[in-house]
Amino acid sequence: MEFGTRTIHAGQPSEPNTGAVVAPLFQTTTYQQIAPGEHHGFDYTRTSNPTRQRLETVLADLEGGTKCAVFGSGLAAENAILQAYLKPGNAIVVPVDVYGGTFRLLHKVFEPLGAIVERVDFSDLAALERAVAAKPTLVWLESPTNPRLLVYDIEAVARIAHDTGAIVVVDNTFATPYFQQPLSLGADLVIQSVTKYLAGHLDVIQGAVIAKDAAVFEPVKFLQNALGGVPSPFDCWLTLRGIKTLELRMERHAQNAAAIADVLTKHPKVKRVYYPGLPSHPGHEVAKRQMTGFGGMVSFELDGTPEEASAFVSSLTYFALGESLGGVRALVCLPCKMTHASIPPETRAELGLSDTLIRLSPGIEHPRDLVADLKAKLDALAEIPELAV
Ligand SMILES: Cc1ncc(COP(=O)(O)O)c(C=O)c1O
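Residues numbered from 1 in each chain as written. Predicted model: local features only at pLDDT ≥ 70, side-chain atom pairs only at ≥ 80, totals over all residues.

1. Comments concerning the overall build of the protein
Next up, step 1: In terms of helices and strands, the protein carries 15 helices and 12 strands.
Next up, step 2: Whereas a compact globule of 389 residues would reach a radius of gyration of roughly 21 Å, the protein reaches 21 Å, a difference of no more than 12%.
Next up, step 3: Overall size of the protein, expressed as C-alpha extent along the three principal axes, is 75 × 50 × 35 Å. (Helix = DSSP H or I, 4+ residues; strand = E, 2+ residues; numbered from the N terminus. Rg over C-alpha atoms; globule rule 2.2 N^0.38 Å.)

2. A closer look at the domain arrangement of the protein
Next up, step 1: Examined at the domain level, the protein breaks down into domain 1 (3–243) and domain 2 (246–388).
Next up, step 2: On the domain 2 side, the residues contacting the 32 residues of domain 1 number 32 residues.
Next up, step 3: Residues of the side of domain 1 that touches domain 2, tallied by class, amount to 18 nonpolar, eight polar and six charged. (Domains from an automatic or database assignment. Contact = placed C-beta atoms within 7 Å. Nonpolar A, V, L, I, M, F, W, Y, C, P; charged D, E, K, R; others polar.)

3. Thoughts on helix H3 (residues 74–85)
Next up, step 1: In a regular helix each residue adds 1.5 Å, so 12 residues correspond to 16 Å; H3 covers 17 Å between its end C-alpha atoms and thus fits that length.
Next up, step 2: Here H3 lies mainly inside the structure; 11 of its 12 residues are buried.
Next up, step 3: Of the positions making up H3, those classed as buried are Gly74, Leu75, Ala76, Ala77, Glu78, Asn79, Ala80, Ile81, Leu82, Ala84 and Tyr85. (Expected span 1.5 Å × (residues − 1). Buried ≥ 20, exposed ≤ 12 C-beta atoms within 10 Å, placed from the backbone.)

4. Overview of the pairing of strand E1 (residues 67–71)
Next up, step 1: Among the five residues in E1, five count as buried, and that is most of the element.
Next up, step 2: Of the two faces of E1, the one carrying Lys67, Ala69 and Phe71 and the one carrying Cys68 and Val70 are both buried.
Next up, step 3: In this structure, E1 lies alongside strand E7 (residues 207–211), joined through five bridges in antiparallel fashion. Looking at the pairing, lysine 67 lines up with alanine 211 of E7. (Pairing = 2+ DSSP bridges.)

5. Here's the deal with unusual backbone geometry
Next up, step 1: Put simply, serine 143 and proline 144 share a cis peptide bond, and its omega is -10 degrees.
Next up, step 2: Tracing the backbone shows proline 144 in the loop between strand E4 (138–142) and helix H6 (154–163).
Next up, step 3: Residue proline 147 follows asparagine 146 across a cis peptide bond; omega there is 10 degrees.
Next up, step 4: Examined against the element boundaries, proline 147 turns out to sit in the loop between E4 and H6.
Next up, step 5: Backbone geometry places leucine 149, a non-glycine residue, at a positive phi of 55 degrees.
Next up, step 6: Here leucine 149 is to be found in the loop between E4 and H6.
Next up, step 7: Residues other than glycine seldom take positive phi values, yet leucine 202 does so here, at roughly 60 degrees.
Next up, step 8: Among the secondary structure elements, leucine 202 is positioned in the loop between strand E6 (189–193) and E7.

6. Re the sheet that holds E4
Next up, step 1: Pairing is mixed across the open sheet formed by seven strands, whose spatial order is E1-E7-E6-E5-E4-E2-E3. The sheet terminates laterally at E1 and strand E3 (116–120), the two strands that pair on one side only. This sheet shows a mean twist of 20 degrees between the axes of neighbouring strands, independent of strand direction.
Next up, step 2: Sheet topology note: the strand E2 (residues 91–95)/E3 ladder contains five bridges and is parallel. For valine 94, the partnering residue across the bridge sits in E3 and is arginine 119. (Axes fitted to C-alpha atoms, helices over the stretch in contact; angles between N-to-C directions.)

Rendered as structure tokens:
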């Protein structure tokens, strides 16, 4: 079955009692038991719920896994993996570039509890080999990364990590399973901020962990119930609704990102464009090999002052200035003051996260409107900068 068919049919038969083609929403906390301890497979919604279970079946299928647990946010999903595998004294190796919230979780929550967090440049495989010699329990990466859209070779990273027995976790939020299948590239666990492209409509906060192997998955599944960071059945139902159009939305997001990257590379007020679809992008060849498209995100550095960058992101017509990404409506963000503000300024500088780095998440609007909006506001900055700030 092709991907777009699976988003609609995988684990989603018509409801047997009524024939309803859309699964009913089981908005219930508990279930009447037949006799004490004897029930119909569900006893309490934190532990299990038919709507959530349906979503877990779909997500496992789309990522090419066999198991999935969904959580109340992407960070709750990350927390469950870290609680399961990053005990005091254990080490994790992560790339220099990770989502700010992941950085905060590792350095402000797990490091004080005794975990060892080692950050290396994953594009330098020799450096990665040296780092894993210390036998970390986890090797964790995003690809493409947030916000600079760096691309790492997942297959090579997994091979190096597995040689030392580490579990490989890939945050597949930016690519989505439509453009990239980390489990087939060797990852053991995939995490998704479902909040983004999978739910897709900017109305759900949710996360997921997907696995191929039951033994690696089981400790995470246990913590879904034991920690309790589960989403509501209604949010699961909304995601099931949103995910049906994932293929169509991703195609348009990607078309918009490509059109925007093209215009940005030619503009005099743009210093540098980060988009894996550009042949000049350092990860372009790896992206071509491990992804079936270049995704829907574009970041760029404005050739201007931080004040100009702030004025620019506030001036756009169709791009709402806001956190998050991957929704039907275009969003723009200034990571240094928003999504990545929790990273200390000196570390941001080390990571190349400049104060004029702008992250764009084109929605599914028409590309002509989005391009015209960006171009008009950049032209205004180029012509009369004093009016624009
Ligand atoms: C790549 C990435 N991973 C994880 C998260 C965390 O997800 P959530 O906001 O759903 O907790 C985010 C949020 O922006 C993200 O961009």
